[in-house]
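Fold and geometry: a report
What follows is the residue order along each chain.
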Amino acid sequence: MNEFNSSVLRQFIDEGEKRAPPVFVGRDDILDDILSISKRSWKPGAWFREGNHGIAGNTRIVHGAPGAGKSSVLRKLRDWEMTPSVALGLSRIKPRVLLLNSALIARPLDILKPLASLICKRKAPDFVERYERSLSLGVNLGNAGINMQRQTRSYQNHSLTGIVDFQHWIDFLPKLSRLKSPVIIAIDEAQRFNHDASSPVAQVLQALHDNAWNLPLTLVLAGLGDTLDKSRKMQLTGGTKLHEVGCLSFKQKQQVMQGFCQTFGINAEGFENRLVTYAEPSEDWPRHLHFAQAILGQELLKNHGDIRALDWILLDEEFQKSRIRYYQSQQSNPMRSLLGLMATVMEQFKTDMKLEDIKELIEGNVKSQAGFDLENSLLEGRRDAYELIRHLVHQGALQEAESGIFYSPIPSFRSFLIEQGNVDSKVENTVSGNSSSNL
Ligand SMILES: Nc1ncnc2c1ncn2[C@@H]1O[C@H](COP(=O)(O)OP(=O)(O)OP(=O)(O)O)[C@@H](O)[C@H]1O
Ligand SMILES: [Mg+2]
C-alpha cells in the first residue's frame, strides 16, 4: 500500500476534469474497434505514398450526453500511443493520435497543418506556404465575381486548395520521410461543427472520411448526442460507425472508487461497501463519479487521508448537492423558461418513443396549457417541437439510439427535471443556501 499522497490528491481536486481520471475503466469495445480499424488502414511493408493505404468510410463517432466520458475515451486513445496495444492483429503497429478540438477548427489548415506536422514535421512549413499561396491566388480570382459568387468560389477555393495541395505536398515528400504508423485524427466537441457539406472544413473531413489521399488515417469524432446529425449534414455517411458512451457498470463503479483510494494511498480496508453506497447517487454516471471522488478527496485532505475519521453523513449530503448544482448549471435558458412543460414531458416520456411520439407529447402538453405558445416561449428565437427535441438531446436530457428510439441517458437528470418543474420542489429545498462550490 502506497503512502497517503496529499499533494497529488490536491492536484487532482484543483485540476478537476482537465485531468485524466485516476482510474479509467471500461470502454474496451470502443477503444479496440478504433484501434483495430486504424491498424487495418495500414498496409505493412508499403511506402506510405504508394497510394494503397487507408479505408474509405471508416469514420467513428463517439457520442453521449454531457459527462458520459467522451473526452476521456479520446485521452485514453492518446495514452495508448505510448503503451503496447491490446487490439487484435498487427500487434507491433501503434497508431499515432492527433487530438484536436472543434473549437479550434475554423478552416482546413487547422486540421491539415497539424496533420502535415505529424506526417513530416520538417516539411510541414512547405505545405502551409503552398496552401496560403494558392489560396491567395484563388481568392483573388473570386474577387472578380459578384458577392454570392465570390463567397461560393472562395469556399471552393479553400476546400480544393486544401485537398489538392495536401496531395501535392505528399507526392513530393522525400521517400524516407514516410509515416511509420497509421494515424487516428480524433476531434473532440464535434457537435460544434455546424457546417454544411460544401463548407471548406466539411470538405476536408469528407476527404478524410473518403480516404481521398490513400493515407492510413482514421477520423474519430467525439461529441454530444447531436453529433450524428451534424456529421450527416456534412455528408460524413457511408460506413460511419457509432459508439455510444454512457453509464458505467456497478462493477466499474466499484473499481473507480477502490482505484481512487489506491492511487492516492488511502487505506480503504473495511470501507469497500461504504464507498459503493456513498457513490450510489451517481447512478453510475461518469461525471458524477468524478464529483464523488473530488468531494471524498476534499474531506480526506482535511483528515490526513484517514478514511476512518470521515463524517459519512456529511459526505453523502455534499455529494447529493453537487449533483443538483450540476444539473441546475446544465439547464439552458430555454429549459428554464419551460420548467412546467419539461417536467410533464419528462414524466410522460417512455423509453421506446420515436421522434414523432415525442413531438406529439410536447404539442399535446403545450395545447393543454392555456395561453402557452411554444414557438414564442423560448428565449433563443422561435422554435418548434422538433427544435426543442434537438435541444434536449444536445443538453443530455434525451438521446436517440441508432434504431431511432429515444431514451433518457442520465436517469437522475430526468428525475431532476421532473422535480424542478414542481412548485413544491424537493430539489429547490435541498439546495437552498448552497450556491458556492468549486466543483
Ligand atoms: N471510463 C472512465 N473511467 C473512469 N472515469 C471516467 C471514465 N470516463 C469518464 N470518467 C470520469 O467522468 C468525467 C467526465 O468525463 P469526460 O470529460 O470524458 O466526459 P465528456 O463526455 O467528454 O463530457 P462533456 O460532454 O462535458 O465534454 C471525467 O472527469 C472522469 O473523471
Ligand atoms: Mg468532453
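Just so you know, these numbers come straight off a predicted model, no measurement behind them.

**Re the overall build of the chain**
Scanning the chain from N- to C-terminus turns up 19 helices and seven strands. Within the chain, buried positions represent 38% of all 439 residues. Sequence-distant contacts, at least 24 apart, represent 76% of the contacts inside the chain between residues at least 6 apart.

**Points about the sheet that holds strand 2 (residues 96-101)**
Pairing within the open sheet is parallel, and its five strands lie in the order 2-3-4-1-5. Edge positions in the sheet fall to strand 2 and strand 5 (241-244), since each has one partner strand and no second. Across the sheet, the mean angle from the axis of one strand to that of its neighbour is 20°, orientation sign disregarded. Relative to strand 5, strand 1 (residues 60-63) runs parallel, the two sharing four bridges. Across the sheet, the residue bridging to R60 is K241, located in strand 5.

**A closer look at the pairing of strand 1**
The side-chain alternation of strand 1 yields two buried faces, one formed by R60 and V62 and the other by I61 and H63. For strand 1 and strand 4 (residues 217-223), the ladder comprises four bridges, and the chain directions are parallel. Counted as the bridge partner of V62 is A222 from strand 4.

**Section: the environment of S198**
Considering the arrangement of structural elements, one finds S198 in the loop between strand 3 (183-188) and helix 7 (200-209). Residues S198 and K233 lie 35 residues apart in sequence; the distance between their C-alpha atoms is 9.8 Å.

**As for the site of ligand 1**
Contacts to ligand 1 come from 21 residues, most closely from G69, S71, S72, P286 and H290. Every element with two or more residues in the shell around ligand 1 is listed here: helix 3 (70-80) and helix 11 (286-302). A total of four residues in the shell around ligand 1 trace back to one element, the largest contributor, which is helix 11. In terms of residue class, the shell around ligand 1 is built from 10 nonpolar, seven polar and four charged. Both domain 1 (27-244) and domain 2 (256-330) contribute no fewer than three residues apiece to the shell around ligand 1.

**Considerations on the nonpolar core**
Most often, soluble globular proteins keep nonpolar side chains buried together rather than apart. In terms of nonpolar packing, the biggest core is built from 96 residues, with I185, A186 and V220 touching the most fellow members. Broken down by element, this core gets its largest block of residues, seven residues, from helix 11. For A186, the contacting residues outside a window of four places in its chain are L74, L77, V97, L98, L99, V220 and A222.

**Focus on the packing of helix 14 (residues 339-348) against helix 18 (residues 411-420)**
Each pair of packed helices can be described by the angle between their axes along with the distance between the axes. Between helix 14 and helix 18, the shortest axis-to-axis distance is 7 Å and the interhelical angle comes to 130°. Regarding the angle of helix 14 to helix 18, the classification is oblique. The element helix 14 and its partner helix 18 pack so that their crossing is left-handed. Across the interface between the two elements, L339, M342, A343, M346 and E347 of helix 14 pack against R414, L417, I418 and Q420 of helix 18. Residues that form the contact of helix 14 with helix 18 fall into these classes: six nonpolar, one polar and two charged.

**Describing helix 7**
Most of helix 7 is tucked away, with 10 of its 10 residues classed as buried. For helix 7, the full list of buried residues reads P200, V201, A202, Q203, V204, L205, Q206, A207, L208 and H209. Taken from the residues just after helix 7, N211 is the one with a positive phi, measuring 60°.

**Thoughts on the environment of D32**
Tracing the sequence through the fold places D32 in helix 2 (residues 28-40). It is 9.6 Å that separates the C-alpha atoms of D32 and L77, two residues lying 45 residues apart in sequence.

**Section: the environment of R60**
Mapped onto the elements, R60 comes out in strand 1. In sequence terms R60 and I34 are 26 residues apart; their C-alpha atoms lie 7.3 Å from each other. Every residue in contact with R60, bar those within four places of it in the chain, is listed here: D33, I34, I37, V220, K241 and H243.

**As for the confidence of the model for the chain**
For the chain, per-residue confidence averages 82 on the pLDDT scale, and 82% of positions sit at 70 or higher. The low-confidence segment residues 140-153 (pLDDT under 50) makes eight contacts with residues lying over four places distant or belonging to another chain. pLDDT under 50 marks residues 423-439. Its contacts with residues more than four places away, or in other chains, come to 19 contacts.

Quick notes on the rules
- Residues numbered from 1 in each chain as written.
- Chains lettered and ligands numbered in written order.
- Predicted model: local features only at pLDDT ≥ 70, side-chain atom pairs only at ≥ 80, totals over all residues.
- Helix = DSSP H or I, 4+ residues; strand = E, 2+ residues; numbered from the N terminus.
- Buried ≥ 20, exposed ≤ 12 C-beta atoms within 10 Å, placed from the backbone.
- Contact = placed C-beta atoms within 7 Å.
- Pairing = 2+ DSSP bridges.
- Axes fitted to C-alpha atoms, helices over the stretch in contact; angles between N-to-C directions.
- Near = placed C-beta within 6 Å.
- Nonpolar A, V, L, I, M, F, W, Y, C, P; charged D, E, K, R; others polar.
- Domains from an automatic or database assignment.
- Core = buried A, V, L, I, M, F, W, Y, C linked by C-beta atoms within 7 Å.
- Parallel < 35°, antiparallel > 145°, perpendicular 65-115°, else oblique.
- Left-handed = near helix turned anticlockwise from the far one by under 90°.
- pLDDT = per-residue confidence, 0-100.

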